[in-house]
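Analysis of the macromolecular model
Residues per chain, in single letters:
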Amino acid sequence: MFDGDPMDPDAQSKLNYDNCFAFTNFQIETNPYIYEVSNIDVSPTQHISNKSHDYFTLFEFSAKWDPVPTMLCQNHLQVIPGFMGQTTAFRKELIKPTVTIMGECAYFNEARYIHGEFGKGTWTFYSGHDPEDYQHLVNDPPTDLNLFPNSAGYRLILNNVLFPAAKKQQQKT
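Residues numbered from 1 in each chain as written. Predicted model: local features only at pLDDT ≥ 70, side-chain atom pairs only at ≥ 80, totals over all residues. Heavy atoms only, no water.

**Remarks on the pattern of salt bridges**
- Under the counting rule described, the total for this entry stands at four salt bridges.
- When the shortest N-O distance is used, the salt bridge between Arg 112 and Asp 54 registers 2.4 Å. Remark: Asp 54 occurs in the loop between helix H1 (44–49) and strand S1 (55–58) and Arg 112 occurs in strand S5 (residues 110–118); sequence separation between them is 58 residues.
- In this structure, the salt-bridge partner of Glu 110 is Arg 112, at a minimum N-O distance of 2.9 Å.
- In this structure Glu 110 comes out as buried when scored by relative accessible area, which is 0%.
- Look at the salt bridges and you will find they share partners, linking Asp 54, Glu 110 and Arg 112 into a network. (Salt bridge = Lys/Arg side-chain N within 4 Å of Asp/Glu carboxyl O. Helix = DSSP H or I, 4+ residues; strand = E, 2+ residues; numbered from the N terminus. Buried < 20%, exposed > 50% of the residue type's maximum accessible area, 1.4 Å probe, protein only.)

As structure tokens, this is what we get:
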């Protein structure tokens, strides 16, 4: 759609879900006039009309058994205000069973923060766009991060930035 060529009409049938990190059995959006990529994202209209219910809860993980999700979910709040974006939230029924859901909104039955492994690395997907601007639109001014020094949403982003610096301790034998 970006270079003016139409999408392959057989694109959906050519998908190999085995090559996808996190999702399976999703349907891609082939209409270039619809502002969606696939049905992985939930409809943002349900969030706007129920903004008071739009928050998600971080799961607690055992540092002994799940050190990576424990680090990625470290926060001063367990309940994080929701926010919208190109992908506002992930449909749980399309998430692969090997994916760790680290944060979910029970009210909407959706995942907001997911993690997994690929090869020798890891990946994390965090839905939404701007944790301190509920409905940040295209051409809106950038958020001044200095105004939100204790943002629980930005803390999750920072956890992912700092995570690669964490070194596994050598075990004494």
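**Focus: the state of the cysteines**
- As enumerated under the stated definition, the model contains zero disulfides in all.
- With no disulfide of its own, Cys 73 lies 15 Å from the sulfur of Cys 105, the closest cysteine sulfur.
- For Cys 73, a relative accessible area of 6% gives the class buried. (Disulfide = S-S within 2.5 Å.)

**Points about the nonpolar core**
- Counting 16 residues, the largest nonpolar core has Phe 56, Leu 58, Ile 80, Tyr 113, Tyr 126 and Leu 156 as its most contacted members.
- When contributions to this core are tallied by element, the ones reaching two or more residues are S1, strand S4 (100–105) and helix H3 (152–162).
- When sequence neighbours within four positions are dropped, the list of residues in contact with Leu 156 reads Phe 56, Leu 58, Leu 72, Cys 73, Asn 75, Ile 80, Tyr 113 and Tyr 126.
- One finds Ala 22, Phe 26, Phe 90 and Ile 114 within the second-largest nonpolar core, a separate group that totals twelve residues. (Core = buried A, V, L, I, M, F, W, Y, C linked by side-chain atoms within 4.5 Å. Contact = heavy atoms within 4.5 Å.)

**Comments concerning the packing of aromatic side chains**
- Enumeration according to the criterion identifies ten aromatic pairs in this entry.
- Plain terms: the ring middles of Phe 21 and Trp 123 are 5.9 Å apart, the flat faces sit at 10° to each other, and that makes the pair stacked. Placement of Phe 21 in the segment before H1 and of Trp 123 in strand S6 (residues 121–126) is noted, with a sequence separation of 102 residues between them. (Phe/Tyr/Trp six-rings, centres within 6.5 Å; stacked < 30°, edge-to-face > 60°.)

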